[in-house]
Amino acid sequence: MKRFISILCAALVMAACDASSTANGPRAGGEDFPNTMQALGRALALGADSSGDWNSLDSADIAVSGDASLSDTARLVAARGQGLWCSDTSYDGVLSGGIYFKVGVKCPKIGLMIQDSLALSVVDRADGGKDTVFKVVQVDSTLLGEYRKLITIVDADGDGGFLLRNDPGRAVLSARKTAGRWTLWNRMVMDPGPDGLWDPGEDNHVYSGSRTLLLLADTIQHEQYTPHVAGAPLLAGKTDSNLVWVDKIRRHPLRVRTERGVLMAFRDSSRNYPAFWRSRTEWVGGGVRFETVFGSRADSQFVAGDTVTILDRAMRDGDSLRVEVRAKLSPVPSDRTRDSLLSLRAERYRPGRFERNSVWEFVSDRPIGNGKDADSGDLFARVDFSDGRWIQFDGRWELGVFSGTFSTGNDSGSIVVNRDGSVRSLVRK
C-alpha cells in the first residue's frame, strides 16, 4: 500500500527541515528574535505534516498466504499427461509393508521431467470394508532444468497415514519451488473439514502455515501463521474467520522490516483486518523505526470503531522522533479509509542541533479523515535551543493558518504563521 512518511524523512534526513542557515544557531551578527520565530514556524509546519500521514495500519501487511490444494495434488499423481516426445517409466512395488507406486515421465525435447510417487497401504475397517491409507504423496517436476516444483504430503497427527475421505486427522502439505538462485517454501497443516473430504477443499481447516523465500542460503522473506487460540484453525469453513498470530520479515537491499500482529483472517484475504499490530524497520547505515497500534483492552487488541493509540518512533545517529496519535477506527474493519485522527503529539530531539527539542500537540475539533489535513483545532508547540533559550506557542490551527500567542520567557505577543511555516504577522507586547 502507498505510504510516504514525511515525518520519518524529517527525523532521519533532516535536510529539508534544516535548509535555513539558522538551523544550527543564530546568524553571526544578526538578531536572535527573528531566528527563534523561524524555528517556531518550522516546528508548526512539521507538526502539520505529521497530521496528514499518521496511520501505521495503512502499511500493515494483512495477507495470509497458502491454499488447501492437497486434493488437487493427490489427483495429479499417476495422472500426468504425456506428450509426443515423452517416455513412461512407471513402476510399483512393496515397501515397508505397503505399496509403492511411482510415475516417471521424461520429455527430453522440451526439457520436462516428472517423477511422482505414492506410498500407501490397505487396511480393514470395522464395518468390513477397506481403506487406503496414504503414507507419502509426492509430486515432483522439473522444467528446462531451471524450474523445479516438489510437493510432499505426509501425516501430521502421528498415526502414520491419512485418508483422502473421512480422515479425522491432519496432514502436512509442503511445497518447494526453485528457479535459478531462488527457492520458495510453503508449509501448511490441514484437515479435510466437516465433510471429511479433501476435495473440494473449500471447507478444509488450516491450522498453521509458513512461507519462506530464499536467495541461495539467505532468507529474503519469511511469514509464519499460528492460531491465536491454541488448537483452533486459522481458516475454517467457506466463510468463517479466526484470529491468527502473524509474524513476517522482509529483507530489501537497504532495509529489513519485521512485523507481528493479530489478524482476523478469512479465506478471501481482502477481508482480513488487524486486531493488533507492531513493526520494526532497520536501514543499512543506521536508522530504525518502530510502529505500534494498540487498543485500550487488557490484551491491547482492538475491534472496529474502537479508539486506539498509534505510536511511531524513529531514531538515527542520536536524533529521534516520536509521534503519538489517538485515532478512531473505521466501523468497517477492512476499510482503512474511514479511520480518523482525534489528536496527535509529535516530539523531535536532536542533541547535535541548535534547535535541540521541538514538541507539537494538536487536538482536532472533529475527527480527521485518514490521509487528510485537519480543518481546525487547538494547538501547542515548543522549541528548546541548545543555549537554554526556548519559545512556545499556544493557539489554533484554522482556515489554513496557525494563530495564537507566543512566549520566550522574555518576550511574548501574538503571531500568525502560514501552513509552510513562514511568519505572516507578529505583534509583541
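Use the structure listed above.
The shown structure was predicted, so the numbers you read here are calculated from the model rather than taken from an experiment.

Here we take up the side chain of Ser 279. Mapped onto the elements of the fold, Ser 279 is located in strand S13 (residues 273-283). Given the relative accessible area of 8%, Ser 279 is considered buried.

Time to look at the nonpolar core. Leu 40, Leu 44, Val 325, Leu 344, Trp 360, Phe 393 and Phe 402 are the most contacted members of the largest nonpolar core, which has 60 residues in total. If one sorts the elements of this core by residue count, helix H2 (residues 32-51) sits on top with six residues. What Phe 393 contacts, discounting residues up to four positions off in sequence, is Leu 40, Leu 44, Leu 379, Phe 380, Ala 381, Phe 402, Ser 403, Gly 404, Thr 405 and Ile 415.

In this section: unusual backbone geometry. Even without being a glycine, Leu 216 presents a positive backbone phi close to 55 degrees. If you trace the backbone, Leu 216 turns up in the loop between strand S9 (205-215) and strand S10 (218-227). Here Leu 216 falls in the exposed class, since its relative accessible area comes to 57%. For Ser 300, which is not glycine, the phi torsion reads 70 degrees and is therefore positive. Relative to the helices and strands, Ser 300 is located in the loop between strand S14 (288-294) and strand S15 (307-316).

All right, on to the environment of Leu 426 then. For Leu 426, the position within the fold is in strand S23 (residues 423-428). Residue Leu 426 is classed as partly exposed on the basis of its relative accessible area, which comes to 34%. Sequence separation of Leu 426 and Val 416 is 10 residues, and the distance between their C-alpha atoms is 6.6 Å.

Cut-offs and rules
- Residues numbered from 1 in each chain as written.
- Predicted model: local features only at pLDDT ≥ 70, side-chain atom pairs only at ≥ 80, totals over all residues.
- Heavy atoms only, no water.
- Helix = DSSP H or I, 4+ residues; strand = E, 2+ residues; numbered from the N terminus.
- Buried < 20%, exposed > 50% of the residue type's maximum accessible area, 1.4 Å probe, protein only.
- Core = buried A, V, L, I, M, F, W, Y, C linked by side-chain atoms within 4.5 Å.
- Contact = heavy atoms within 4.5 Å.

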